[in-house]
Each structure stands twice: as C-alpha cells, then as structure tokens.
Amino acid sequence: MSAESPGASDRISRLRESFRAWRWQRPFWAGLLSLLAGLPIMYFPYNDVNAGGFTINMSTTAGSASLIIGVLLVVLGLTMWFQPMVRVFAGVATILLGLVSIPVSNFGGFLMGFLLALFGGGMSISWAPGETPSAQPAEGPGAAPQDDGNGDNVPEPAGAGSAPDQEARNGRHRAG
C-alpha cells in the first residue's frame with residue numbers, strides 16, 4: 001500500500017481540468033492584468049516610501065480619485081472573468097481608466113498600473129470565444145471522390161471557388 005491515496009490525485013486532476021475549461025471560456029489573462037493594474041494605482045497614493053532613511057510621502061490631492069480608479073480596474077478585471085459577454089466594454093473602460101490614471105495617480109502607479117491596464121484592456125477587446133468543433137465525421141484517410149469517367153467528380157484546386165457552373169472551373173470566373 002502506498003501512503004498516497006489514489007483519490008487525491010484524481011481530485012486534483014479533475015479540479016485542474018475544470019479550472020482549465022473555465023479559463024478557456026473567458027478572457028482570463030486580460031482580466032488578471034486588469035485586476036493587477038488596479039493594485040499599484042490604489043497603493044502608491046496612500047503609502048509612504050522609505051529610501052535610505054528618508055520618508056517620501058506619495059500622497060496626492062487626488063488620492064480619492066486614485067482609489068476610485070483602482071477599485072474600478074479591479075471590478076472590471078472581475079467582470080471580464082465572470083461576465084465575458086461584456087468584454088469589449090470592459091476592455092475599453094480599462095484602457096480609458098488606465099489613461100486617466102497618468103495625471104491623477106502618480107503617473108499611473110509609476111507606469112506599472114498604466115501599462116497593465118493598457119495590455120489587459122487590449123487583450124480583452126481582442127479576445128474572442130473559441131468555436132466548438134463540428135460533430136461531422138471526417139472521411140476516411142486518403143479518401144478521394146470517385147471519378148465516373150467523364151471528369152465531373154474531379155476535385156477543384158485549393159484556390160478555386162465553389163461555384164457549380166462551368167465558368168468557375170479552371171480559374172475563369174464571371175464578373176457579374
């Protein structure tokens with residue numbers, strides 16, 4: 001008998017596979033980058049940095065605006081995860097909030113939050129859900145159409161159109 005129960009590895013692999021399936025159905029990395037973009041934008045205006053015995057106060061007069069921008073970026077990142085159908089809106093809003101954070105929040109969280117918001121928003125806009133493969137069975141390997149002798153079932157070249165008329169064959173097409 002082994003010390004490891006077989007049920008634990010099965011459970012971990014099932015959890016991992018279900019997380020992978022969940023992650024592939026939404027703009028996961030865009031949401032993660034957008035969520036991470038809000039953290040430095042929220043953090044720096046309310047924190048003091050100690051550098052070699054000197055305390056640098058990072059507080060700005062727009063501290064509340066930085067907090068609002070950071071919280072909205074975190075919410076938009078979570079929205080990308082749990083409501084992927086509004087991904088384009090969330091991506092555009094993330095990019096706009098990242099741009100607004102430059103003058104409002106210490107150059108967008110010292111450019112860290114700004115860059116993460118731009119990449120996360122762009123990834124969210126460009127993400128598209130994958131299509132499920134069709135359930136049509138493929139023909140057998142190497143199966144070609146049978147020729148009946150008069151050349152009607154000869155396959156067309158790869159670049160040819162799918163028009164059934166005679167003028168569409170051999171690269172000749174009608175213009176209208």
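Every chain begins its residue count from 1, and numbering advances along the sequence as written. The model is predicted, so local features are restricted to residues of pLDDT at least 70 and side-chain atom pairs to those at 80 or more, both for listing and for counting; the totals for chains, interfaces and linings are taken over all residues. Computation of side-chain values: all heavy atoms of the structure, hydrogens and water removed.

- Labelled according to an unreviewed UniProt entry, the protein appears under the name Integral membrane protein, originating from Streptomyces violaceusniger.

## Details of the overall build of the protein
(1) Moving on: Secondary structure elements follow DSSP: runs of H or I of four or more residues count as helices, runs of E of two or more count as strands, with numbering from the N terminus. Secondary structure summary: the protein contains 6 helices and 2 strands in total.
(2) Moving on: Starting at the N terminus and walking to the C terminus, you meet the elements of the protein as α-α-β-β-α-α-α-α.
(3) Moving on: Relative to its full complement of 176 residues, the protein shows a buried share of 26%.
(4) Moving on: Contacts are assigned to residue pairs with any non-hydrogen atoms lying within 4.5 Å of each other. Excluding contacts between residues fewer than 6 apart, the proportion of contacts in the protein whose partners are at least 24 apart in sequence is 67%.
(5) Moving on: Within the structure as shown, the protein displays about 12,200 Å² of accessible surface, and the carbon and sulfur contribution to it stands at 64%. Note on classification: 1.4 Å probe, protein chains only; a residue is buried when its accessible area is under 20% of the maximum for its type, exposed when over 50%, partly exposed between these limits. Here the open area of atoms and residues is found with the Shrake-Rupley method and a 1.4 Å probe, where only the protein chains shown may cover a residue.

## Observations concerning the nonpolar core
(1) Moving on: In this text, buried Ala, Val, Leu, Ile, Met, Phe, Trp, Tyr and Cys residues form a nonpolar core when linked through side-chain atoms within 4.5 Å. Within the largest apolar cluster, 11 residues are counted, these being A30, A37, I41, I69, L73, L76, M80, A90, A93, L97 and A117.
(2) Moving on: Within the residue set of this core, elements represented by two or more residues are helix 2 (28–43), helix 3 (63–82) and helix 4 (87–104).
(3) Moving on: The leading source of residues in this core is helix 3, at 4 residues.

## Considerations on the confidence of the model for the protein
(1) Moving on: Confidence in the prediction for the protein averages 79 pLDDT; 67% of positions are at 70 or higher.
(2) Moving on: Per-element mean pLDDT across the protein ranges from 74 in strand 2 (residues 54–57) up to 95 in helix 6 (residues 112–126). pLDDT runs from 0 to 100 and stands for how confident the predictor is about each residue.

## Examining the UniProt feature "transmembrane region" (unreviewed entry) in the protein
(1) Moving on: UniProt positions are given in the numbering used here, feature names are shortened, and annotations may be inferred rather than shown by experiment. Under the UniProt annotation, the feature "transmembrane region" (unreviewed entry) is placed at residues 28–46, 58–78 and 85–104.
(2) Moving on: Secondary structure content for residues 28–46 is 84% helix and 0% strand, while the C-alpha to C-alpha distance between its ends is 29 Å.
(3) Moving on: Taken end to end, residues 85–104 has its terminal C-alpha atoms 30 Å apart, with 90% of it in helix and 0% in strand.

## Considering the packing of helix 3 against helix 4
(1) Moving on: Taken N-terminus to C-terminus, the directions of helix 3 and helix 4 make an angle of 160°; their axes are 10 Å apart at the nearest point. For the element pair helix 3 / helix 4, the angle class is roughly antiparallel. Relative to helix 4, the crossing made by helix 3 is left-handed. Along the contact surface, helix 3 presents A65, S66, I69, L72, L73, L76 and M80, while helix 4 presents A90, G91, A93, T94, L97, V100, S101 and V104.
(2) Moving on: Residue classes follow a fixed rule: Ala, Val, Leu, Ile, Met, Phe, Trp, Tyr, Cys and Pro count as nonpolar, while Asp, Glu, Lys and Arg count as charged, and any other residue, Gly among them, counts as polar. Considering only residue class, the contact of helix 3 with helix 4 consists of 11 nonpolar, 4 polar and no charged. Every angle, taken between N-to-C directions, lies between 0 and 180 degrees, and every axis is a line fitted to C-alpha atoms, over only the stretch in contact when it is a helix. By definition in this entry, angles of less than 35 degrees are roughly parallel, angles greater than 145 are roughly antiparallel, angles of 65 to 115 are roughly perpendicular, and the rest are oblique. Rotating anticlockwise by less than a right angle from the far helix to the near helix defines a left-handed crossing, while the corresponding clockwise rotation defines a right-handed one.

## Describing helix 2
(1) Moving on: For a helix, the expected span equals 1.5 Å multiplied by the number of residues minus one. The first and last C-alpha atoms of helix 2 sit 23 Å apart over 16 residues, in line with the 22 Å expected at 1.5 Å per residue.
(2) Moving on: Inspection of helix 2 places F28, A30, G31, S34, L35, A37, G38, P40 and I41 among the buried residues, and these make up the whole buried set.

## Notes on the packing of aromatic side chains
(1) Moving on: Side-chain rings of Phe, Tyr and Trp (the six-membered ring for Trp) are treated as a pair once their centres are within 6.5 Å; stacked means planes under 30 degrees apart, edge-to-face means over 60, and tilted covers the remaining angles. Per the counting criterion, the structure on display carries 8 aromatic pairs.
(2) Moving on: Geometrically, the ring pair formed by F19 and F28 is edge-to-face, given 5.7 Å between the ring centres and 90° between the ring planes.
(3) Moving on: What makes F28 buried here is its relative accessible area of 11%.
(4) Moving on: Here the aromatic rings of F28 and W29 are separated by 5.0 Å at their centres, their planes lie at 80°, and the arrangement is edge-to-face.

## Points about the environment of L33
(1) Moving on: Its place among the elements puts L33 in helix 2.
(2) Moving on: Leaving out residues up to four positions away in the same chain, L33 has contacts with L116, F119, G120 and M123.

## What about the side chain of R87?
(1) Moving on: When you line up the elements, R87 lands in helix 4.
(2) Moving on: A residue is classified by how much of its surface remains accessible, and R87, at 17% relative accessible area, is buried.
(3) Moving on: Side-chain polar atoms of R87 contact the backbone oxygen of W127, separated by 2.8 Å.
(4) Moving on: When residues no more than four places from it in sequence are discounted, the contact partners of R87 are P27, S124, I125, W127, A128 and P129. In protein, a polar contact means a hydrogen-donor-capable atom and an acceptor-capable atom, both N or O and within 3.5 Å, with residues adjacent in sequence counting only if both atoms are side-chain atoms; elsewhere, any N or O pair within 3.5 Å suffices.

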